[in-house]
Amino acid sequence: MSKQVLVTGGTGYIGSHTVVELQAAGFRVVIADNLSNSNIEVLDAIQKISGVRPDFENVDLADKLATDSFFDKYPDIDAIIHFAAFKAVGESVQKPLEYYHNNLNSLLNLLGNMLRYNIRNMVFSSSCTVYGQPDKLPVTEQTPRKPAESPYGNTKAICEDILRDFCHANAGFNCIALRYFNPIGAHPSALIGELPLGVPNNLVPFITQTAAGIRNELSIFGDDYATPDGTAIRDYINVVDLSGAHVVAINRLIQDKQKANYEFFNVGTGTGLSVMQLVKSFIAVTGVQLPYKIAPRRAGDIEKIWADTSFANEELGWKASRATEETLLSAWNWEKSVRGIN
Ligand code: NAD
Ligand code: UD1
């Protein structure tokens, strides 16, 4: 019997892509998601891509009783990938209690059930936000974490600490935190992708919505940073590459290959790109008009960050492989398919 993986937040952006990669790797998948930031139709799209409909339960993982009942129904789970969380940085500043409640309680409820049902493996979605603005670039896993700039970022740091302490206290239980850099793009089928509610906060959805005519103009936040063209630099990773890192991490846990029972890895490309480079690349690869203007810096933004990926490359045997142009094109194809543009 193939191994069963619980994917929390599996109808969301990164979760849905990871479900497809897990299915391709031969895993059985059950999704737990309360659809607070995703749609049930994603299950149809996953089925179209893989030919297999994953099991699905609508459950609020921050609710302990509901989470316990979910595990009573699925007692044979081998590993968990925990994506489910609130993720809007700005909103977390306005509504800190909702973020702490959702992101911390969901993790605690899952860990409690790992003990109840002897589920020994978890992969957790962390973020490069835990590094803040690093003093030295690129960032390695030895780069010190900095105090979080937002309640959202703080939930990631606290969750990492909870995992470390949980693994320390419970021999035989293993966790891997993956610190994502900036995930972008969509599945090449254009059947799944990122669907932000309302006005997008993140750069690539704003670009594709502007190109589709839904937004008038992209604002580039700041052109006076200490970078070659003055705009901020990030490490943009293709979401399918990122999903592949989860499959590798799950295999590492299931096959008992980890060196310590709590590990964390940078998951990026190793290359930093400026906002202006990304915008120009999008225009070049799609040939569409993209009105943009320079606007003031966005509060809370850091100047530049990109990953040193050598530890993930060597230790996990995983490397991001898709070119930025291909990734931007996939994001555009997804936007067109959502909007019915030819
Ligand atoms: P997403 O919002 O698309 O997916 C999250 C999913 O979790 C959604 O489907 C939502 O309905 C679900 N969810 C939220 N709270 C829940 C709860 N209490 N119970 C059940 N389901 C719940 O977000 P994403 O971009 O796919 O991000 C996935 C994870 O990766 C998150 O933990 C996020 O913080 C982390 N992350 C994302 C990025 C990014 O740029 N997208 C960067 C770093 C880290
Ligand atoms: C942000 C969060 C990060 C989180 C990630 C995913 C901060 C400081 N970081 O990353 O913790 O994991 O989102 O939700 O908030 N930009 C524009 N115009 C736009 C939108 C963005 O110029 O309309 C610029 C930003 O200023 C930034 C870059 O594009 O320099 C990337 O922005 P974004 O996609 O929002 O990601 P981060 O801010 O890097």
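The shown structure was predicted, so the numbers you read here are calculated from the model rather than taken from an experiment. (Residues numbered from 1 in each chain as written. Chains lettered and ligands numbered in written order. Predicted model: local features only at pLDDT ≥ 70, side-chain atom pairs only at ≥ 80, totals over all residues. Heavy atoms only, no water.)

Trainee: I tried to follow the sheet that holds strand 4 (residues 79-82) on my own but got confused; where do I start?
Mentor: The strands that make up a sheet pair up through hydrogen bonds in the backbone, lying either parallel or antiparallel. Taken in spatial order, the seven strands line up as 3-2-1-4-5-6-11 in an open sheet, and their pairing is parallel. For this open sheet the edge positions go to strand 3 (55-57) and strand 11 (262-267), each flanked by a neighbour on one side alone. Each strand of the sheet is rotated relative to its neighbour by a mean of 20°, with strand direction disregarded. Pairing analysis gives four bridges linking strand 1 (residues 4-8) to strand 4, with the strands arranged parallel. (Pairing = 2+ DSSP bridges. Helix = DSSP H or I, 4+ residues; strand = E, 2+ residues; numbered from the N terminus. Axes fitted to C-alpha atoms, helices over the stretch in contact; angles between N-to-C directions.)

Trainee: Whenever I open this one, the site of ligand 1 confuses me. Can you help?
Mentor: Ligand 1 sits among 27 residues. The nearest are Asp33, Asn37, Ser38, Lys87 and Asn102. The separation between an oxygen atom of ligand 1 and a polar main-chain atom of Tyr13 is 2.8 Å. In this structure, Asp33 approaches ligand 1 through a side-chain N or O atom, which is 2.6 Å from an oxygen atom. About the coverage of ligand 1: the protein hides 95% of its 820 Å² of free accessible area. Of all the secondary structure elements, the ones that give two or more residues to the shell around ligand 1 are helix 1 (13-24), strand 5 (121-127) and helix 6 (151-169). At three residues, strand 5 tops the list of elements feeding residues into the shell around ligand 1. Residue composition of the shell around ligand 1, by class: twelve nonpolar, eleven polar and four charged. (Near = heavy atom within 4 Å. Polar contact = N/O pair within 3.5 Å; in protein donor to acceptor, adjacent residues only side chain to side chain. Areas by Shrake-Rupley, 256 points an atom, 1.4 Å probe, with all protein chains shown as cover. Nonpolar A, V, L, I, M, F, W, Y, C, P; charged D, E, K, R; others polar.)

Trainee: Would you mind showing me how to read helix 1 here?
Mentor: Because each turn of an α-helix spans 3.6 residues, side chains separated by three or four positions end up pointing in the same direction. For helix 1, spanning twelve residues, the distance from its first C-alpha to its last is 18 Å, which sits close to the expected 16 Å at 1.5 Å a residue. Here helix 1 lies mainly inside the structure; ten of its twelve residues are buried. Among the residues of helix 1, those classed as buried are Tyr13, Ile14, Gly15, Ser16, His17, Thr18, Val19, Val20, Leu22 and Gln23. Of the residues trailing helix 1, Gly26 is marked for its positive phi of about 95°. (Expected span 1.5 Å × (residues − 1). Buried < 20%, exposed > 50% of the residue type's maximum accessible area, 1.4 Å probe, protein only.)

Trainee: I keep staring at the site of ligand 2 and nothing clicks. Help me out?
Mentor: Close to ligand 2 lie 21 residues; Leu203, Ser219, Arg234, Arg298 and Asp301 are nearest. The side chain of Ser127 places a nitrogen or oxygen atom 3.4 Å from an oxygen atom of ligand 2. In the environment of ligand 2, an oxygen atom lies 2.5 Å from a nitrogen or oxygen atom belonging to the side chain of Arg234. When the free accessible area of ligand 2 is taken as 750 Å², the share hidden by the protein chains comes to 87%. For the shell around ligand 2, the elements supplying multiple residues, two or more each, are helix 7 (203-211) and strand 8 (218-221). Residue contributions to the shell around ligand 2 peak at four residues, all from strand 8. The residue inventory of the shell around ligand 2, partitioned by class, reads ten nonpolar, seven polar and four charged.

Trainee: Looking at this model, I keep getting lost on the packing of helix 7 against helix 11 (residues 324-339). Mind explaining?
Mentor: Packed helices, taken two at a time, are described by the angle between their axes plus the distance between the axes. Where helix 7 contacts helix 11, the axes come no closer than 10 Å and their chain directions differ by 55°. In this view, helix 7 runs oblique relative to helix 11, as classed from their interaxial angle. Viewed along their axes, helix 7 and helix 11 form a crossing whose handedness is right-handed. Between helix 7, through Val204, Pro205, Thr208, Gln209 and Ala211, and helix 11, the contact on the second element is made entirely by Leu328, Ala331, Trp332, Glu335 and Arg339. (Parallel < 35°, antiparallel > 145°, perpendicular 65-115°, else oblique. Left-handed = near helix turned anticlockwise from the far one by under 90°. Contact = heavy atoms within 4.5 Å.)

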